[in-house]
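Chain residues, written in single-letter form:
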Amino acid sequence: MLSEEEREELKAELVQLEDEITTLRQVLSAKERHLVEIKQKLGMNLMNELKQNFSKSWHDMQTTTAYKKTHETLSHAGQKATAAFSNVGTAISKKFGDMSYSIRHSISMPAMRNSPTFKSFEERVETTVTSLKTKVGGATPGGGSFEEVLSSTAQASAQSSGGGPRRAEEEELQC
């Protein structure tokens, strides 16, 4: 318990501290206004300060060892990727150039037909056509040459679009 005299002293001290705090707030507010005025006169504003802080932070980050190693690694990977894409592009251009040359410089195209690329394509087409013929029900025993396969496919296509005799028989069976 406090005596009456101690209470009065504490209340007086409390009032004095509140007054000092109020005075300090007023002084601080006046100093902050003065600071803003000086910054405005110097052309400094919040955005400029943020830019400066960001620039400094960016610079500090770029000087770290981790950033330097990462930058170096990614740069090296980018160079390798660029070289790889360039090589692929060159190879594709060369293939198209070879095929273009073959087409332009041969009347019957024997050079192109003997190229590994064309042979691979021809084998794939023959396999696909044979597979289709087997599924449809008209496979020939020897498989036939590429020309025979193409002509028989064209004939089968013409018959199916013309609604030939086989089509009429199928319709009768369905009824």
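Residues numbered from 1 in each chain as written. Predicted model: local features only at pLDDT ≥ 70, side-chain atom pairs only at ≥ 80, totals over all residues. Heavy atoms only, no water.

Asks: What's the story with the overall build of the protein in this structure? I'm lost.
Replies: Each helix and strand in the protein was counted, giving seven helices and zero strands. Each helix and strand of the protein, placed in order from N terminus to C terminus, yields the pattern α-α-α-α-α-α-α. Looking at the protein as a whole, 6% of its 175 residues qualify as buried. Accessible surface for the protein amounts to roughly 15,400 Å². Of this, 60% is attributable to carbon and sulfur atoms. (Helix = DSSP H or I, 4+ residues; strand = E, 2+ residues; numbered from the N terminus. Buried < 20%, exposed > 50% of the residue type's maximum accessible area, 1.4 Å probe, protein only. Areas by Shrake-Rupley, 256 points an atom, 1.4 Å probe, with all protein chains shown as cover.)

Asks: Can you walk me through a negative patch on the surface in this structure?
Replies: There is a patch of like negative charges on the surface, built from Glu5, Glu6, Glu9 and Glu13. Mapped onto the fold, glutamate 5 is located in helix 1 (residues 4-42). (Patch = residues over 30% accessible without salt bridge, like charges linked within 9 Å, V, L, I, M, F, W, Y side chains within 5 Å. Salt bridge = Lys/Arg side-chain N within 4 Å of Asp/Glu carboxyl O. Lys, Arg positive; Asp, Glu negative; His and termini not counted. Charge placed at Lys NZ, Arg CZ, Asp CG, Glu CD.)

Asks: Explain the UniProt feature "coiled-coil region" (unreviewed entry) in the protein to me, please; I cannot follow it from the model alone.
Replies: Residues annotated in UniProt with the feature "coiled-coil region" (unreviewed entry) correspond here to residues 7-34. Annotation note: span residues 7-34, helix share 100%, strand share 0%, distance between end C-alpha atoms 40 Å. (UniProt positions renumbered as here; feature names shortened; annotations may be inferred.)

Asks: Is there a simple way to think about a nonpolar patch on the surface in this case?
Replies: A surface patch of nonpolar side chains, about 270 Å² in accessible area, is lined by Ile38, Leu42 and Met44. The residue methionine 44 is located in the loop between helix 1 and helix 2 (46-62) in this model.

Asks: Sorry if this is basic, but what is going on with the packing of aromatic side chains here?
Replies: What describes a pair of aromatic rings is the distance from one ring centre to the other and the angle between the planes of the rings. Overall, the coordinates contain one aromatic pair when judged by the stated rule. Each ring, one from tryptophan 58 and one from tyrosine 67, has its centre 6.2 Å from the other, and the planes form 70 degrees; the classification is edge-to-face. On the basis of relative accessible area, tryptophan 58 is assigned to the partly exposed category, the value being 41%. (Phe/Tyr/Trp six-rings, centres within 6.5 Å; stacked < 30°, edge-to-face > 60°.)

Asks: Whenever I open this one, the pattern of salt bridges confuses me. Can you help?
Replies: When their charged atoms lie close together, side chains carrying opposite charge are able to pair. Tallying each qualifying case throughout the model produces two salt bridges. Residue aspartate 60 is joined to lysine 56 by a salt bridge in which the shortest nitrogen-to-oxygen separation is 3.1 Å. Separated by four residues within a single helix, aspartate 60 and lysine 56 lie in helix 2, roughly one turn from each other. On the basis of relative accessible area, aspartate 60 is assigned to the partly exposed category, the value being 38%.

Asks: Would you take a moment to explain the confidence of the model for the protein for this structure?
Replies: Any residue range with low pLDDT should be treated as having predicted coordinates unsuitable for detailed reading. Scored by pLDDT, the protein comes out at a mean of 77, with 68% of its residues at no less than 70. Highest mean pLDDT in the protein belongs to helix 1 (95); lowest belongs to helix 7 (residues 165-174) (49). Ignoring residues within four places in sequence, the model shows residues 167-172, a span with pLDDT below 50, making zero contacts including any to other chains. (pLDDT = per-residue confidence, 0-100. Contact = heavy atoms within 4.5 Å.)

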